[in-house]
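Chain by chain, the residues run as shown.
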There are 2 protein chains.
Amino acid sequence: MILKAIVRDYTSSGVPVGSKALAAQLPLHVSSATVRNEMATLEDLGLIAKTHSSSGRIPSVKGYRYYVDHLVQPDPIKPNDIDIIKSSLDGQFLKIDEIIETSARILSNLTSYTAFTLKPELKESRLSGFRLVPLGKRQVMAVLVTDNGDVESQTFNIAPGITGDQLEAVVRLINDQLVGKPLKDVLQALETDIPMQVTQYLQKPEGFLKIFGDVLTQAAKERFYVGGRLNLLNFSDANDVDELKSLYTLMDRTDDMASVLGQPTDHVQVKIGSEITNDILKDYSLITATYEVGDHGKGVIALLGPTRMPYSRMIGLVGAFRQELAQRLIDYYRYFDQ
Amino acid sequence: MILKAIVRDYTSSGVPVGSKALAAQLPLHVSSATVRNEMATLEDLGLIAKTHSSSGRIPSVKGYRYYVDHLVQPDPIKPNDIDIIKSSLDGQFLKIDEIIETSARILSNLTSYTAFTLKPELKESRLSGFRLVPLGKRQVMAVLVTDNGDVESQTFNIAPGITGDQLEAVVRLINDQLVGKPLKDVLQALETDIPMQVTQYLQKPEGFLKIFGDVLTQAAKERFYVGGRLNLLNFSDANDVDELKSLYTLMDRTDDMASVLGQPTDHVQVKIGSEITNDILKDYSLITATYEVGDHGKGVIALLGPTRMPYSRMIGLVGAFRQELAQRLIDYYRYFDQ
DNA sequence: TTTTAGCACTCACGTTATCCAAGTGCTAAG
DNA sequence: CTTAGCACTTGGATAACGTGAGTGCTAAAA
């Protein structure tokens, strides 16, 4: 009960909490001396710590962990919040990416933290088609489609002397050889076999290979959205510019972030401080959750905030949001699939 | 001479400069008392100011202005810098946008400030083609091309019940009625005539209209790139989070930034502090320059830094860069145009 | 055995005092 | 017109001090 009160107090006030204030607030009426004794025990257990020898206590990572695992009860979501979520997700979306991106924004607005969303994915995607669409005299658009329904495109200019026939031959080559293969394999083929084969049709294949590689890596990337980047400025207690910089840099490295999020196993999962694999985030906490979209796979939402975040509220919020989002996406697919 | 020395000193040290240090440094050998007298005059003229009653002097906006207009001589660019520029621009680019984007990055790296680049433009662009490319069962890609060579595309899902014929009819409608018109006019037509006409072919035209509107506004936007956003953290002396936030927000508002940059008339132009139209930037300085790409129009590069930036170096750098970039683009066009 | 009152002790933090270096304006002499 | 001299101002760094919130420990009470 005391640990719970300490966590609640500290996360809401940010000030180390002392025995007296605690005693006054507890449902039990015991004196501050009693509380002090208990606190000493909690400290021995490593659940709380002092900032200096005569300060109040703050929860340690272990303390937060225990709180989250055994004590916290998620706040029921406020009607107001659920309204905001519902109405924000209510728009007319013509592609899932829009919904996912909007989700990151909603979640960050609601919490004043930074939110991440990953598009639902069935499995590792495979190449299902590649095309070159001529647009003008020299302009061509490369379009790549995966079996997950992701589309990636890039326009580029082609060097003079290359004919439409040549391009068609190359496109045929790609489609014949690579359709159906996982993108990873295709990327690898691009390093090995493909260049040689393309030389049959193009004298200088570099341009084409570059563009093909670009759309390919683009498509192979996780569909990853960030909302509320600027909120980092609020709660990054460090005025340390360098730390902020590396944080921002990290958030733009899709791969790193994807590995930080991992594939959460639980519905809602909390990683606290040093539990996060990435060192840069060792003073933050991360709430991750999956959302499942029927047979269209599952995605991830996540929330990054200070270690001393109000967990009960945030866990409740993320829990509610994952359900709303899943529902919204199921509706989306129901409409377009049929 | 004294003003010049004050600006040079202050921009490099950041500390208000006093009469004694100044006297020691000047090519003339006069005493500090003399310098003090002159400084009093400069202050009366409003060219320099004190931070407090017994402090050294710092240049005022007016002082910087005078310095930039009459005293500064741009540093010749360092061989090292020119190498960096040349080699960074030397890559294999298949589209101008890549070059422009890279430029922003180079410029920001070189200066540790924040850089902006605008793609060269001939004039206001006009719609030169619109297409819908079917990709899968329900997926369609909308592609819009302007006469400036800009391509904008979006994929989206179409509601069941819409046939290929219907879409083709709509595409024909768009192309018949709107090709050749300035994008602005097209955007306006989208508010007025078009919706009604589209209803002839689609019962629920909202989806299509949304996507068409999206690619259209996207294409109508200035092609605008920012490099070194994070550098703002270095020199924003304000630890004021809110100010930083509004700065970042501003930089993402393409329209606002475009209006801040204006269409510079001179080759290299300097706007200091409150001279910048936007209030948020009143404590910063902006160096803008145009670069001309033969008959492919002209673009803008810009550098945002603190008011106390080393102008001579920055002006020299931007001047050199605009030429390198122009040359690089001319080469680019020469290769792909022929 | 558990709880409590009492008390000496610790430490961060805000306030105040003090000193110092760097600078200024002004006056009178060169 | 320039300069030496001097009294005066100011921000910033450092130390001294008091205060309040908190602690641990001991001994008495429950």
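See the structure above.
Residues numbered from 1 in each chain as written. Chains lettered and ligands numbered in written order. Predicted model: local features only at pLDDT ≥ 70, side-chain atom pairs only at ≥ 80, totals over all residues. Heavy atoms only, no water.

1. Here we look at the protein's contact with DNA strand C
- If you check the shell around DNA strand C, you find 18 residues, and the closest are Ser31(A), Thr34(A), Ser53(A), Ser54(A) and Ser19(B).
- When atoms of DNA strand C within 4 Å of the protein are sorted by moiety, sugar and phosphate together comprise 76%.
- His52(A) places a polar side-chain atom, nitrogen or oxygen, 3.3 Å from a sugar or linking oxygen of DNA strand C.
- Ser54(A) places a polar side-chain atom, nitrogen or oxygen, 2.4 Å from a base oxygen of DNA strand C. (Near = heavy atom within 4 Å. Polar contact = N/O pair within 3.5 Å; in protein donor to acceptor, adjacent residues only side chain to side chain.)

2. A look at the protein's contact with DNA strand D
- As a structural note, the neighbourhood of DNA strand D is formed by 18 residues, with Ser19(A), Arg57(A), Thr34(B), Ser53(B) and Ser54(B) the closest of them.
- Note that a base nitrogen of DNA strand D is positioned 3.3 Å from one of the side-chain N or O atoms of Arg36(A).
- For the surface near DNA strand D, the leading source of residues is helix α3 (residues 32-44) of chain B, giving 4 residues.
- Considered class by class, the residues forming the surface near DNA strand D number 3 nonpolar, 11 polar and 4 charged. (Helix = DSSP H or I, 4+ residues; strand = E, 2+ residues; numbered from the N terminus. Nonpolar A, V, L, I, M, F, W, Y, C, P; charged D, E, K, R; others polar.)

3. Describing the pairing of strand β5 (residues 139-146) of chain B
All names here are of chain B.
- Of all 8 residues that make up β5, 8 are buried, and the element is covered over most of its length.
- Burial along β5 is two-sided: Gln-139, Met-141, Val-143 and Val-145 and Val-140, Ala-142, Leu-144 and Thr-146, pointing in opposite directions, are all buried.
- The pairing of strand β4 (residues 127-134) with β5 spans 7 bridges and is antiparallel. By the bridge assignment, Pro-134 is partnered in β5 with Val-140.
- From the end of β4 to the start of β5, which pair antiparallel, there are 4 residues.
- As judged from the 7 bridges shared by β5 and strand β6 (residues 151-157), these two strands associate in the antiparallel manner. Among the inter-strand pairings, Ala-142 is bridged to a residue of β6, identified as Gln-154.
- Linking β5 to β6, which pair antiparallel, is a turn of 4 residues; within it Gly-149 sits at a positive phi near 90°. (Buried < 20%, exposed > 50% of the residue type's maximum accessible area, 1.4 Å probe, protein only. Pairing = 2+ DSSP bridges.)

4. Comments concerning the relation of the copies chain B and chain A
- Of the two same-sequence chains, chain B is brought onto chain A (RMSD 0.1 Å, axial shift 0.0 Å) by a rotation of 180°. Such a turn and shift between the copies fits a two-fold axis.
- Of all interface residues in chain B, 100% are interface residues in chain A too; the two copies therefore contact each other through one and the same surface. (Least-squares fit on C-alpha atoms with pLDDT ≥ 70 in both. Contact = heavy atoms within 4.5 Å.)

5. A few points about the sheet that holds strand β9 (residues 284-292) of chain A
Residues and elements named next belong to chain A.
- On the basis of which strands lie adjacent, the open sheet formed by 5 strands has the order β7-β3-β10-β9-β8 and antiparallel pairing. For this open sheet the edge positions go to β7 (224-227) and β8 (268-272), each flanked by a neighbour on one side alone. Averaged over neighbouring strand pairs, the angle between their axes works out to 15° when direction is ignored.
- Inspection of the sheet shows β8 paired to β9 by 5 bridges, in the antiparallel sense. Residue pairing across strands places Val-270 opposite Ile-287, the latter belonging to β9. (Axes fitted to C-alpha atoms, helices over the stretch in contact; angles between N-to-C directions.)

6. Some remarks on the interface of chain B and chain A
- Between chain B and chain A, the contact holds 41 residues from the first and 41 residues from the second.
- Surface buried jointly by chain B and chain A totals about 3,600 Å² across both partners, of which 57% is contributed by carbon and sulfur atoms.
- If you look at where chain B meets chain A, you find 2 salt bridges.
- Taken together, the elements giving at least two residues each to the side of chain B that touches chain A come down to β4, β5, β6, α10 (206-220), α11 (231-235), α12 (241-252) and α14 (311-337) of chain B.
- At 6 residues, β6(B) tops the list of elements feeding residues into the side of chain B that touches chain A. (Buried area = accessible area lost by both parts, 1.4 Å probe. Salt bridge = Lys/Arg side-chain N within 4 Å of Asp/Glu carboxyl O.)

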